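# What the coordinates show
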Amino acid sequence: MMKNKTIALLTATILTGSAFAGFMNTTLADQAQPKSVTQQQVKKATDKQQQKMFRNIKIMESAFTFTVKGEASLFEGTYQYAVKQGNKIVAKGFGTASKGGPEWGTFSQYISIPKSKLFGDKPMTLELFVIDQATGASVNKLTVPMNKIGEAKQNQVFRNTKVTSSAVVYTVKGEASLFEGTYQYAVKQGNKIVAKGFGTASKGGPEWGTFTQKISIPVSKLSGDKPLTVELFEVDQATGKITNKVVMPVK
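Quantities reported herein were computed from a predicted structural model and do not represent experimental measurements.

## What about the overall build of the protein chain?
- A count of helices and strands for the protein chain gives two helices and 13 strands.
- Relative to its full complement of 251 residues, the protein chain shows a buried share of 31%.
- For the protein chain, restricting intrachain contacts to residue pairs at least 6 apart in sequence, the fraction spanning at least 24 positions comes to 64%.
- Summed over all atoms, the accessible surface of the protein chain reaches about 16300 Å², with 55% contributed by carbon and sulfur.

## Observations concerning the sheet that holds strand β13 (residues 242-250)
- Strand order in this open sheet of four strands is β10-β9-β12-β13, and the pairing throughout is antiparallel. With one partner strand each, in any of the chains shown, β10 (192-200) and β13 form the two edges of the open sheet. Neighbour to neighbour, the strand axes of the sheet diverge by 20° on average, direction disregarded.
- Relative to strand β12 (residues 228-235), strand β9 (residues 182-189) runs antiparallel, the two being bridged by six bridges. Of the residues in β12, the one forming a bridge with Lys188 is Thr229.

## Topic: the pairing of strand β7 (residues 138-145)
- Strand direction decides the pairing type here: strand β6 (residues 124-131) and β7, joined by six bridges, are antiparallel. Counterpart to Glu127 in the pairing with β7 is Thr143.
- Where β6 folds back onto β7 in an antiparallel hairpin, the turn is made up of six residues, including Gly136, whose phi is positive at roughly 80°.

## Details of a positive patch on the surface
- A cluster of basic residues, Lys192, Lys196, Lys221 and Lys226, forms a positive patch at the surface.
- Note that Lys196 resides in strand β10.

## Regarding unusual backbone geometry
- Geometrically, the link from Gly101 to Pro102 is a cis peptide bond, its omega value of 10° lying close to zero.
- With respect to the element layout, Pro102 can be found in the loop between β4 (88-96) and β5 (105-114).
- Cis geometry marks the peptide bond from Gly205 to Pro206, where omega comes out at 10°.
- Mapped onto the elements of the fold, Pro206 is located in the loop between β10 and β11 (209-218).
- Although it is not a glycine, Glu76 adopts a positive phi angle of roughly 60°.
- You will see that Asn140, though not glycine, has its phi angle at about 55°, which is positive.
- Tracing the sequence through the fold places Asn140 in strand β7.
- The partly exposed category is assigned to Asn140, whose relative accessible area is 27%.

## Topic: the pairing of β4
- Alignment of strand β3 (residues 78-85) against β4, held across eight bridges, turns out to be antiparallel. Counted as the bridge partner of Tyr79 is Gly95 from β4.
- The turn linking β3 back onto β4 is made up of two residues, and Gly86 within it adopts a positive phi angle of 70°.

## A look at the environment of Lys117
- Counting through the fold element by element, Lys117 comes out in the loop between β5 and β6.
- For Lys117, a relative accessible area of 43% puts it in the partly exposed group.
- Between the C-alpha atom of Lys117 and that of Val90, which follows or precedes it by 27 residues, the distance is 6.1 Å.
- When neighbours within four sequence positions are excluded, Lys117 is seen to be in contact with Lys88 and Val90.

Conventions used here
Residues numbered from 1 in each chain as written. Predicted model: local features only at pLDDT ≥ 70, side-chain atom pairs only at ≥ 80, totals over all residues. Heavy atoms only, no water. Helix = DSSP H or I, 4+ residues; strand = E, 2+ residues; numbered from the N terminus. Buried < 20%, exposed > 50% of the residue type's maximum accessible area, 1.4 Å probe, protein only. Contact = heavy atoms within 4.5 Å. Areas by Shrake-Rupley, 256 points an atom, 1.4 Å probe, with all protein chains shown as cover. Pairing = 2+ DSSP bridges. Axes fitted to C-alpha atoms, helices over the stretch in contact; angles between N-to-C directions. Patch = residues over 30% accessible without salt bridge, like charges linked within 9 Å, V, L, I, M, F, W, Y side chains within 5 Å. Salt bridge = Lys/Arg side-chain N within 4 Å of Asp/Glu carboxyl O. Lys, Arg positive; Asp, Glu negative; His and termini not counted. Charge placed at Lys NZ, Arg CZ, Asp CG, Glu CD.

This is the structure in structure tokens:
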């Protein structure tokens, strides 16, 4: 009887040891062998990574900008200006020179004209003048062509007056989910980069932040009426490569 119990106990011990050894072997094998990644898992990871980019991007109304510089000798240094395309006034306002007459003061006038106010490619002219306090009439008018950069004009109260720069400005708005919210942009005409820079959204990824980017392109860099494209993208910090690029045509 004792002999049978001993045999039974020995058998149970061996079976238990085998089961434990099998369990250990399975656990070690699971730790040693990496789990295989399915194509679906890879696709989900890629899709998740590609979501970190831009959305709701739109290019707002563009405008033409000009900077006019010169000297003036005027009462209290105040002058009026009007930009005309043909007989139509597309922009107007006033400015003040650094000194009032009879001394000569300098002035620098920035003028922005929404493209929606312009018609066709008719040339624009700038009129500088003074309002007579007694009669309200425009006097001492000086006409400056807007398309002739650096050509100086003068009369008895304005001198060395010229358009020093002109540009077209686009405003791009949208949302971005990027590392630290930082994005890069480039404007191309064909393969030529005519403007570039960077900006920052209101929030960094993984949240979505909003941004408004004004892009100024000097007219001197543009060639004819070739179409423009705006590129928004992120630069990978590790490799320096461009990622998550969005390309938009500009009218």
